[in-house]
Structure formats: structure tokens, C-alpha cells
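Read off the chains here:
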Amino acid sequence: MAERVALVTGSLAEPRIRRIAEEIADEALDPVVVNVGVKVAALMTADIVERRLKLPERIDRVLMPGRFRGDLDRLAARFGLPFARGPEEAADIPAYFGKGRGRAVNLDRQDVLLFAEIVDATRLSIDELLTRARYLKGEGADVIDLGALPDNPFPHLEEAIAALKADGFRVSVDSFDPQELARGTRAGADYLLSLNEHTLTIAEEGPAIPVLVPAQAGDLSSLVRAIEMCEAKGRPFLADPILDPIHLGFTASLVRYAELRRLKPDIPILMGIGNVTELTDADTTGMNALLMGIISELKLNAVLAVQVSPHCRTAIREFDRARREFFAAREAGALPQGFGGGLMALRDRRPFTTTPEEVDRLAGTVADRNFRIEVTEKGIHAYNRDGHHVARDPFDLFPHLKVEDDGAHAFYLGVETARAEIALKLGKRYAQDEPLKWGVAGETGSSAEDAHRLTFKEAGSTLSAKKKGDAT
């Protein structure tokens, strides 16, 4: 027997919810639309729902609108049924029920070790190194890589390693100076980067795990020899064939990674991605996604990422999200679609949640002067009881809004229509009173987990006290 779910809605959204309910109904799901008589879902309260909600017979659970902020446990106790909060946009209800591309996503798991390099470590004080390391850990880094600069001494290397280790970090050292690498492992570093068959003996001076590279650029044979030297001694290692920049051997270097995985199907392999992300004028979200796809298919085990160029300033955070989404997709045997969309910074798969016809119908029901702003493929819609206006440029809307003498209202509408214009031009999802969502490339909290957690906006008026003024 199909599960019968009550989809609670307000009167303005009821026609849209009924259409969606018809689309998702099947032998396993019987959605029933229930209107509680409130125009806007965000205005519902637990008191209103308790008084007005009349559930049909044989309901198994109740799904409240995503913008409902009432106490779900209270309602569950009152009606004796499970209550849940659905997605904020009606267009996402099919995904909520696992219809189409949407699915329940668990991003807690991943299997790629993430090294984050501090490229100018020699120039930073201990306090500065600790500050940078804590920030990178918050972005998702597992290992802090101390990058040494050529012809730039690192007198405080040992002190830096000790301070980072005391603060709970795993540490790697990357240097072209064999003496610095030796000092690094003797000081307790966890990894040494860029050892080859000729310098591998340095690893014997301490506990650090060597990251092996070719003795000369592109020389896969020398890397294999270094690998086999470690295997013969039972020494742990990571192998890095080196990813080259585009037009300087990029494709050939990808082939080396594939060939190494073919020759050594079970060894741990690291890919350093900075040569591509840092040296290409393109948004890093897409580059990280594509590189993570290669890493996922080849089952590589670690990545070294940097964020030096301003256009790469969220590269660590992005790669952390990529490794989680692609792990989930691979485990599901699926394409990397519908696993959270954290790397969808500039576009959304479904930018428009309503049609122009639906907005026109809603506009006809509005009986107050408060403006509603929506975006459809037709343009930016601004409507209240006095009219419904559509334009692709916010400046074309202003003469119709009649807010010349209301500075706070004019400011608010300017902000909202500017957001709407950006959403329209880029193909992003717009929701009034909400900031545009930029995936993990946008600002997040201070921990990597915050970047992968869906949270609700705090309930409140459109313009808070600090924003000064009346929104509507």
C-alpha cells in the first residue's frame, strides 16, 4: 500500500503543490495536499496549525513547508503522527521524496587525504603558521604542508613542526633542499614531499612517510623504481607522478597517473592539483570537480591543494566538498549529480521554481501593498495589490514601484531586485529575503562540516533592526 503523506501548504502555493503532488504520486507514494488557510507558508505557526489543520483519513506522516518555523515535536504529539519540515522551495519536493535526480545525501564519508600547502611557510612566524593552519583545517585540510622557498632559509622549521604537532596537526614538509627534508623528519614531521630514488635515503633519518616523485620530469620509470625500493623495505609511502600545467604536459601527466595505477593497482597515490587550479584562469569549483572525477575513477588516495592566487581562495573548501560528493556518488554507482550541489556556484540545475503563469495567478490574489519579488524565465516580477510588473533590468521596474519617498523600502527593493537580476542572468535560484547561494564557494562557518550542513535561516522580519526600516 502506498505511503500517504499530507503536504501542508498555504493558499498562494496550493495550485503549485497540487501539480507537484500529481507528478510524484506513484504506487509507493500517495501525496495529499492540505491547505490550512494561511496565504504564505512562512506565516504559519504551531498554534495556527493546531487549530486549522484537518487531516484526511489514513495519513502516515505530515510534511510541513520548508519555511515553517513551528515546533514539529509539538505537532507530532498533538496529531499522533510524524511531522517533518520539507524543502524551502516547492520545486524541490520531488527531490525530497527521491524522485528525479534528487536523493538523500550523506556527506560524512570520503577516502582522499587532503594536504593543504602553506607555500610561504619560511616567511611566517610560529603564531602566523598556527593561525594559517587552523584556518586551513577549518576549510577541510587533513595535513598541513610546510612549503619551503628556494634560497630562503627555514631556521624555525623544527619549532614550527613542534608547535603544529602540539596543536594536533599532521604535518608534511616540502622542500628542494635535502637538508631541510632531513631536518623535517628528525623533528617529527608526518610526511616528506618530493623524495625520489636518489634522495630516498633521507626518509631513513626519521619517521616521516615519503611522498615519492620522478627523478626527472615525466620519468615514470624512476618513480616506479623508488616505489619498489620502499616496497622491498616494507616502508609506507605515497607516490606522485606530478600533474603538469595545461599546455605544459597536462594530458601526458594524466596518462602517467592512469599508467601508474595500472602498474601498481594497490599502492597509495597522491595528486598535487595546484599546477592546474593556480595556473588556469577559470573558476576552481569546476576544475576541482573534474580533477576529483579523475581521482575518484583512478581511486587515488591523497591530494595536495593550494590556495595562493585570489581566484583560488576557496580551493581547499571546494576540494573537501568534491571528495565527499564524489565518494557518495561512487558508492551509489551513480553520476555525480544530485549529491548536494556544493560545487554549483554560478548555476543551478533548476533556477526557476515557478512559471510566469503561476506568478500571474498569485499576483491576482494579493490584497496588500507589500511587494513580492520572483524570478521566472520571463524576467523579474514585482507585484502587490497595485500591479504586477515584469522586467529584465531592475531600473525598468523602479518607476512602477512608487517608493521615491520611502528610503528604507526603496533600499530594500533595490537590494532584492539586484539579487533577482544576478539570479536571472546567471541562471541561479532566487528566493525573496534570502541571499543567493554560491555553493561552498560562498562564505561558510569556521569548520569544514559547516560547509556541508543544511541549516535554516533564522525566523524574523524582512529587514532586521540592524538593517533599519520597514521592508514592506
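What counts, and where the lines are drawn
- Residues numbered from 1 in each chain as written.
- Predicted model: local features only at pLDDT ≥ 70, side-chain atom pairs only at ≥ 80, totals over all residues.
- Heavy atoms only, no water.
- Helix = DSSP H or I, 4+ residues; strand = E, 2+ residues; numbered from the N terminus.
- Buried < 20%, exposed > 50% of the residue type's maximum accessible area, 1.4 Å probe, protein only.
- Contact = heavy atoms within 4.5 Å.
- Areas by Shrake-Rupley, 256 points an atom, 1.4 Å probe, with all protein chains shown as cover.
- pLDDT = per-residue confidence, 0-100.
- Pairing = 2+ DSSP bridges.
- Axes fitted to C-alpha atoms, helices over the stretch in contact; angles between N-to-C directions.
- Salt bridge = Lys/Arg side-chain N within 4 Å of Asp/Glu carboxyl O.
- Core = buried A, V, L, I, M, F, W, Y, C linked by side-chain atoms within 4.5 Å.
- Domains from an automatic or database assignment.
- Arc of directions from axis to C-beta.
- Polar contact = N/O pair within 3.5 Å; in protein donor to acceptor, adjacent residues only side chain to side chain.

What follows concerns the overall build of the chain. Summing up its helical and strand segments, the chain has 16 helices and 15 strands in all. Looking at the 472 residues of the chain, the share that counts as buried comes to 50%. Considering only contacts in the chain between residues 6 or more positions apart, those separated by 24 or more positions represent 61%. About 22900 Å² of surface is accessible on the chain, with carbon and sulfur atoms providing 52% of the total.

With that settled, consider the confidence of the model for the chain. Predicted confidence across the chain gives a mean pLDDT of 90, with 93% of residues reaching 70 or more. Segment residues 444-449 is flagged for pLDDT under 50; beyond a separation of four residues in sequence, or across chains, it makes 13 contacts in the model. Every residue in residues 451-472 is under pLDDT 50, and counting partners more than four places away or in other chains gives 37 contacts.

Turning our eyes to something else, we now look at the sheet that holds strand β7 (residues 170-174). Strand order in the open sheet formed by 8 strands is β10-β9-β8-β7-β6-β5-β12-β11, with parallel pairing between adjacent strands. Strand pairing shows two members of the sheet lacking a second neighbour, β10 (238-239) and β11 (270-272), which therefore form its edges. Here helix α5 (residues 126-139) sits on the sheet in contact with β5 (113-118) and β6 (143-147), set at roughly 145 degrees to β5.

Turning our attention to the pattern of salt bridges. Throughout the structure, instances matching the rule amount to 34 salt bridges. Sharing partners across several salt bridges, the network here consists of R67, R69, E88 and E89.

Core analysis: the biggest nonpolar cluster contains 67 residues, and L146, L212, L260 and M271 have the highest contact counts within it. Beyond its immediate sequence surroundings of up to four residues, L146 is in contact with I118, A121, L129, F154, L157, A160, I161, L164, V171, S172, V173 and D174. Within the second largest apolar cluster, 20 residues are counted, among which are A6, V8, M44 and L53.

Let us look at the domain arrangement of the chain. Taken domain by domain, the chain consists of domain 1 (3-97), domain 2 (113-332) and domain 3 (356-441). Placing a centre on the C-alpha atoms of domain 2 and another on those of domain 3 gives a separation of 47 Å.

Further remarks concern the environment of V403. Tracing the backbone through its elements, the reader meets V403 in the loop between α14 (394-401) and α15 (407-426). Overall, V403 belongs to the buried group, its relative accessible area being 2%. With 10 residues separating them in the primary sequence, V403 and L413 have C-alpha atoms 9.1 Å apart. In contact with V403, not counting residues within four places along its chain, are F398, H409, A410 and L413.

The next subject is helix α13 (residues 356-363). All of the buried residues along α13 are P356, E358, V359, L362 and A363. One side of α13 holds all its buried residues, which, seen down the axis, span an arc of 160 degrees. Along its buried surface, α13 packs onto α1 (14-24), β13 (372-376), β14 (379-384) and β15 (387-391).

Moving on, we come to the environment of P310. Position of P310 among the secondary structure elements: in the loop between β12 (302-305) and α12 (315-331). When the C-alpha positions of P310 and V366 are compared, they lie 46 Å apart, and in sequence the two are 56 residues distant.

Peptide bonds are mostly trans, and most non-glycine residues show a negative phi. Even without being glycine, R58 reaches a positive phi, approximately 60 degrees. Within the secondary structure, R58 sits in the loop between α2 (46-52) and β3 (61-64).

Here the focus is the side chain of S175. Looking at the secondary structure, you find S175 in the loop between β7 and α7 (178-186). Within the local environment of S175, its side chain forms a polar contact with the backbone nitrogen of D177, the two atoms lying 3.0 Å apart. At 2.6 Å, the side chain of S175 forms a polar contact with the side chain of E180. Apart from the residues lying within four places of it in its own chain, the contact partners of S175 are A148, E180, L181 and L193.

Time to look at the sheet that holds β14. If you trace the 3 strands from one edge of the open sheet to the other, you get β13-β14-β15, paired in antiparallel fashion. Each edge of the open sheet is held by one strand with a lone partner, namely β13 and β15. With strand direction ignored, the average angle separating the axes of adjacent strands in the sheet is 20 degrees. Summarising the sheet, β14 and β15 pair through 5 bridges and their orientation is antiparallel. Bridge pairing in β15 places N384 opposite G387. Relative to the sheet, α14 contacts β14 and β15, its axis offset from that of β15 by approximately 160 degrees. Of the strands in this sheet, β13 and β14 are in contact with α15, which crosses β13 at around 10 degrees.

This paragraph deals with the environment of E14. Along the chain, the position of E14 falls in helix α1. E14 sits 19 residues away from V33 along the chain, and the two C-alpha atoms are 7.6 Å apart. Those residues in contact with E14, other than ones at most four positions away along the chain, are T9, V33 and N35. One polar contact links E14 to N35, side chain to side chain, over a distance of 2.7 Å.

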